[in-house]
Amino acid sequence: MFINMPRALLGTLIALNLVACGTANESAQEAVTTVSNVANPIWPQLDIEVKKDAAIEAQVAKMLSTMTLEQKIGQMIQPEIRDITLEDMRQYGFGSFLNGGGAYPDNNKQATPQDWIDLAESMYQASIDDSLDGSTIPTIWGTDAVHGHNNVVGATLFPHNIGLGAANDPDLIERVAQATAKEVLATGIDWIFAPTVAVVRNDRWGRTYEGYSEDPEIVKAYSTAIVHGLQGTAGENFLAEDKVLSTVKHFVGDGGTLDGVDQGDNISSEEDLYNIHAQGYVGGLAAGAQSAMASFNRWQGDKIHGSEYLLNQVLKNRMGFDGFVVGDWNGHGQVAGCTNESCPQAINAGLDIFMAPTQSWRPLFANTVAQVKNGTIPMSRIDDAVTRILRVKARAGIFDRPSPEKRAYSGKMELIGHPDHRAVAREAVRKSLVLLKNNNILPLNPTANILVAGDAADSIGKQSGGWTITWQGTNNTNADFPGG
């Protein structure tokens, strides 16, 4: 489907790759100080809705000036709830943490919304406890609410993106996002890893259902709509009490890998990478998305978690993205020369937050601190990353708003599976159904007997798909879906 063309700016990119490897202190410094404005002009300079605010920039600069190296690296590492304790949060002051698919408070699938709030509150309080790490910077919690607040029993579930895309209705998507944001806020969580804006061009890819469409224009329009639905609109209701932080993902090209191999190689030309696979970022970033997630895949042989060209030159310098770039699940460990426990290449390439599940975060923290001290990672790159993280937190009001259990929507249990949200879900299901050709199928004969067979015939879980309570949506019963 794609033509293996020579990479644009090949010589420049090879040089950048050598610099990003951090083989010498001087090269590491050059990675962030001497290379600039080399992105292919095909990438646009976006007019992003959310502009820099002088007061926020001054606030962030003042905070940064008081932070130790260890406090800065703490902001840049994101562990998973199964792998940290409250004592760890007090000691390291993680800037964020996550729950992956199939992770719940106390590892209990039937955890109640109050259990989620209790964990959010305890982690928050531990993060602002300065008794061990000297830091009072609040942490934020990111979750994969990809078709509703899908990790929480009883939450409203919407069709997956492939069904929503079939509806071709951006207004509907914005309302889906608004409902999802409220249910997430009801459990004390700040941040959603959505939307997925992969433009799927090979149906053999196992994550095809997570993409809206093979049409980049639909993906672009949807990305704009869902970011507005989750975050609000600049100058109107941006990151108001009923909004959450959003993440456009996965940057870039995950829907176009060779043969549809997951985490494989996208060999598109740079023009096709932009025109086909990047349009969701044009829409979502212009709408003000505050975070972007790096993709597992390669582009023309290089892992994107380690691509200084794409993460720094294209996304940040050319497109003007001033939020932060978060990694995917130990994605940095797949960069050439890296492991889950050590990857200065990714930081030097422009990654701002390591997503570091499992106990890999412990050696990763220590190694990253050491790599800054020995010059492999320049302090200027660390300061840039932390500035971006603090900027987003300030824009979201994290420094000013109450703790999770005291926020406006927190604890409003009636929002979980609210009838209005379920009405939007039913509308989305209706609009997702597409009959390509009616060969005397509809309307159904009301006197006919119709057999619906197979183990999915009476399975809410199988109808709901992956990312449904469990990661793959497996090992659930109908009893796990109250109201379903």
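Heads up: the structure comes first, above all this text.
Residues numbered from 1 in each chain as written. Predicted model: local features only at pLDDT ≥ 70, side-chain atom pairs only at ≥ 80, totals over all residues. Heavy atoms only, no water.

Enquirer: A description of the overall build of the protein chain should follow, citing residues and the corresponding values.
Expert: Summing up its helical and strand segments, the protein chain has 17 helices and eleven strands in all. For the protein chain, whose C-alpha radius of gyration is 22 Å, the value lies close to the compact-globule estimate of 23 Å for 484 residues. Across its three principal directions, the C-alpha atoms of the protein chain cover 80 × 55 × 40 Å. Expressed as a percentage of its 484 residues, the buried residues of the protein chain come to 60%. Taking as baseline every contact in the protein chain between residues at least 6 positions apart, the subset at least 24 positions apart corresponds to 76%. Here the protein chain displays about 18,900 Å² of accessible surface, and carbon together with sulfur accounts for 51% of that area. (Helix = DSSP H or I, 4+ residues; strand = E, 2+ residues; numbered from the N terminus. Rg over C-alpha atoms; globule rule 2.2 N^0.38 Å. Buried < 20%, exposed > 50% of the residue type's maximum accessible area, 1.4 Å probe, protein only. Contact = heavy atoms within 4.5 Å. Areas by Shrake-Rupley, 256 points an atom, 1.4 Å probe, with all protein chains shown as cover.)

Enquirer: Got a sec to walk through the layout of surface pockets? Specific residues and values, please.
Expert: In this structure, the largest pocket encloses a volume near 520 Å³. Looking at the largest pocket, it is lined by 25 residues, and the ones nearest its centre are L157, R422, I460, S464 and G484. Listed by contribution, the elements that provide at least two residues to the lining of the largest pocket are α16 (419-432) and α17 (460-464). Of all the elements, α16 adds the most residues to the lining of the largest pocket, at four residues. Considered class by class, the residues forming the lining of the largest pocket number twelve nonpolar, ten polar and three charged. (1 Å grid on protein atoms, 1.4 Å probe; cavity = no way out; pocket = protein on both sides within 12 Å on 5 of 7 lines; lining within 4 Å. Points joined across faces, edges and corners; volume = space filled by probe spheres on them. Nonpolar A, V, L, I, M, F, W, Y, C, P; charged D, E, K, R; others polar.)

Enquirer: Report on the environment of D272, specifying residues and quantitative values.
Expert: Positionally, D272 belongs in helix α10 (residues 270-277). In the structure, D272 is positioned 16 residues away from G256 in sequence and 9.9 Å away in space, judged by C-alpha atoms.

Enquirer: Could you give an account of the state of the cysteines, naming the residues involved and the relevant values?
Expert: Each disulfide is one covalent bond, formed between the sulfur atoms of two cysteines. In total, this model carries one disulfide according to the counting rule given. At a sulfur-sulfur separation of 2.2 Å, the disulfide partner of C338 is C343. Measuring the twist about the S-S bond at about 65 degrees, one finds the C338-C343 disulfide to be right-handed. C343 gets classed as buried once you look at its relative accessible area, which sits at 1%. (Disulfide = S-S within 2.5 Å.)

Enquirer: Go over the environment of Q313 with me, naming the residues and quoting the values.
Expert: With respect to the helices and strands, Q313 occurs in helix α12 (residues 308-318). For Q313, a relative accessible area of 1% corresponds to the buried category. Once the C-alpha coordinates of Q313 and A349 are considered, the two residues, 36 residues apart in sequence, prove to be 9.3 Å apart. Polar side-chain contacts of Q313 include one of 3.1 Å to the side chain of N317. (Polar contact = N/O pair within 3.5 Å; in protein donor to acceptor, adjacent residues only side chain to side chain.)

Enquirer: Account for the nonpolar core, naming residues and giving values.
Expert: A general trend in soluble globular proteins is that nonpolar side chains are found buried together. If you look at the biggest cluster of nonpolar residues, it comprises 126 residues, and the most contacted ones within it are W43, I73, I77, Y281, L285 and L310. When residues in this core are grouped by element, the largest group, nine residues, is from helix α8 (residues 170-186). (Core = buried A, V, L, I, M, F, W, Y, C linked by side-chain atoms within 4.5 Å.)

Enquirer: How would you explain a nonpolar patch on the surface if you had to name every residue and give the values?
Expert: Where nonpolar side chains cluster on the molecular surface, the patch consists of L435, I441, L442, L444, I450 and V452 and spans about 590 Å² of accessible area. Along the chain, the position of L442 falls in the loop between α16 and α17. (Patch = residues over 30% accessible without salt bridge, like charges linked within 9 Å, V, L, I, M, F, W, Y side chains within 5 Å. Salt bridge = Lys/Arg side-chain N within 4 Å of Asp/Glu carboxyl O.)

Enquirer: Mind laying out the sheet that holds strand β10 (residues 324-326), listing which residues take part and the relevant values?
Expert: Spatial strand order, β5-β7-β10: three strands in an open sheet with parallel pairing. Edge positions in the open sheet fall to β5 (247-251) and β10, since each of these has one partner strand only. Across the sheet, the mean angle separating the axes of adjacent strands is 30 degrees when strand polarity is ignored. Judged from the three bridges that link them, strand β7 (residues 291-294) and β10 form a sheet pairing that is parallel. Along β10, the bridge assignment pairs A292 with V325. (Pairing = 2+ DSSP bridges. Axes fitted to C-alpha atoms, helices over the stretch in contact; angles between N-to-C directions.)

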